[in-house]
Amino acid sequence: MSEDVRLIAWVRGHVQGVGFRWFTRAKALEIGGLSGFALNLADGRVQVVAEGSREGCEGLLDWLQGSDTPGRVDGVTEIWDTPRGGYDGFAIR
């Protein structure tokens, strides 16, 4: 049985105004079992918080770092933590 984790990722590049948050939510729902959100930040980055299985969160992180995202990702910074709960599905904020 996989442990549950919390992934916080900050995605930088041309990631606002290109549907990035929508596609991130769609990918999280495709992976399944993830809850959290994607949020535009004032500095142009997108923050992604995902909770669920380590395997699921790693899959989402791989996608965020890959070449299949909308826009252009120049880099991703991530932090791993213990889940806090309180999310109802995966939201766009």
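For clarity, every value in this text was computed on a predicted model and none was experimentally measured.

Student: Sorry if this is basic, but what is going on with the pairing of strand 3 (residues 46-53) here?
Tutor: With respect to burial, strand 3 is a largely interior element, seven of its eight residues being buried. Where strand 2 (residues 35-40) meets strand 3, six bridges bridge the pair, whose relative direction is antiparallel. In the sheet register, phenylalanine 37 faces strand 3, and the bridge partner there is valine 49. In this structure, the hairpin formed by strand 2 and strand 3 is closed by a connection of five residues, where glycine 44 is found at a positive phi of approximately 100°.

Student: Please clarify how the environment of tryptophan 10 should be interpreted in this entry.
Tutor: Residue placement: tryptophan 10 occurs in strand 1 (residues 4-14). For the pair formed by tryptophan 10 and proline 70, sequence separation is 60 residues and the distance between their alpha carbons is 15 Å. The residues contacting tryptophan 10, other than those within four sequence positions of it, are Leu41, Arg45, Val46, Gln47, Gly75, Val76, Thr77 and Ile79.

Student: Quick question: what am I supposed to make of helix 1 (residues 20-31) here?
Tutor: Because the α-helix completes a turn every 3.6 residues, residues three or four places apart line up on one side. Helix length check: helix 1 (twelve residues) gives 16 Å between terminal C-alpha atoms against 16 Å at 1.5 Å per residue, within 8%. Of all the residues in helix 1, the buried ones are Phe20, Thr24 and Ala28. An end-on view of helix 1 places all buried positions within 75° of arc, on one side of the element. For helix 1, exposure combined with an orientation more than 90 degrees from the buried face picks out Trp22 and Glu30. Of the surrounding secondary structure, the elements contacted by the buried residues of helix 1 are strand 1, strand 2, strand 3, helix 2 (54-65), strand 4 (72-81) and strand 5 (90-92).

Student: What should I look at first to understand the sheet that holds strand 5 in this one?
Tutor: What links the strands of a sheet is backbone hydrogen bonding, and the strands pair in either a parallel or an antiparallel sense. The strand order across the open sheet formed by five strands is 4-1-3-2-5, and the pairing between neighbours is mixed. Among the strands making up the open sheet, the edge pair consists of strand 4 and strand 5. Averaged over all pairs of adjacent strands, the angle between strand axes in this sheet comes to 15°, irrespective of strand direction. Of the strand pairs in this sheet, strand 1 and strand 3 are connected by eight bridges, and their pairing is antiparallel.

Student: How should the UniProt feature "active site" (unreviewed entry) in the protein chain be read in this particular structure?
Tutor: According to UniProt, the "active site" (unreviewed entry) feature falls on Arg21 and Asn40. A maximum C-alpha distance of 7.8 Å places the annotated residues, which cover 20 residues in sequence, within one compact spot. Arginine 21 sits in the partly exposed class, given a relative accessible area of 24%. Not counting chain neighbours up to four residues away, the residues in contact with arginine 21 comprise Ala38, Leu39, Asn40, Val46, Ile92 and Arg93. Topologically, asparagine 40 is positioned in strand 2. The residues contacting asparagine 40, other than those within four sequence positions of it, are Gln16, Arg21, Arg45, Val46 and Arg93. Polar contacts involving the side chain of asparagine 40 include one to the side chain of arginine 21, which spans 3.5 Å.

Cut-offs and rules
Residues numbered from 1 in each chain as written. Predicted model: local features only at pLDDT ≥ 70, side-chain atom pairs only at ≥ 80, totals over all residues. Heavy atoms only, no water. Buried < 20%, exposed > 50% of the residue type's maximum accessible area, 1.4 Å probe, protein only. Helix = DSSP H or I, 4+ residues; strand = E, 2+ residues; numbered from the N terminus. Pairing = 2+ DSSP bridges. Contact = heavy atoms within 4.5 Å. Expected span 1.5 Å × (residues − 1). Arc of directions from axis to C-beta. Axes fitted to C-alpha atoms, helices over the stretch in contact; angles between N-to-C directions. UniProt positions renumbered as here; feature names shortened; annotations may be inferred. Polar contact = N/O pair within 3.5 Å; in protein donor to acceptor, adjacent residues only side chain to side chain.

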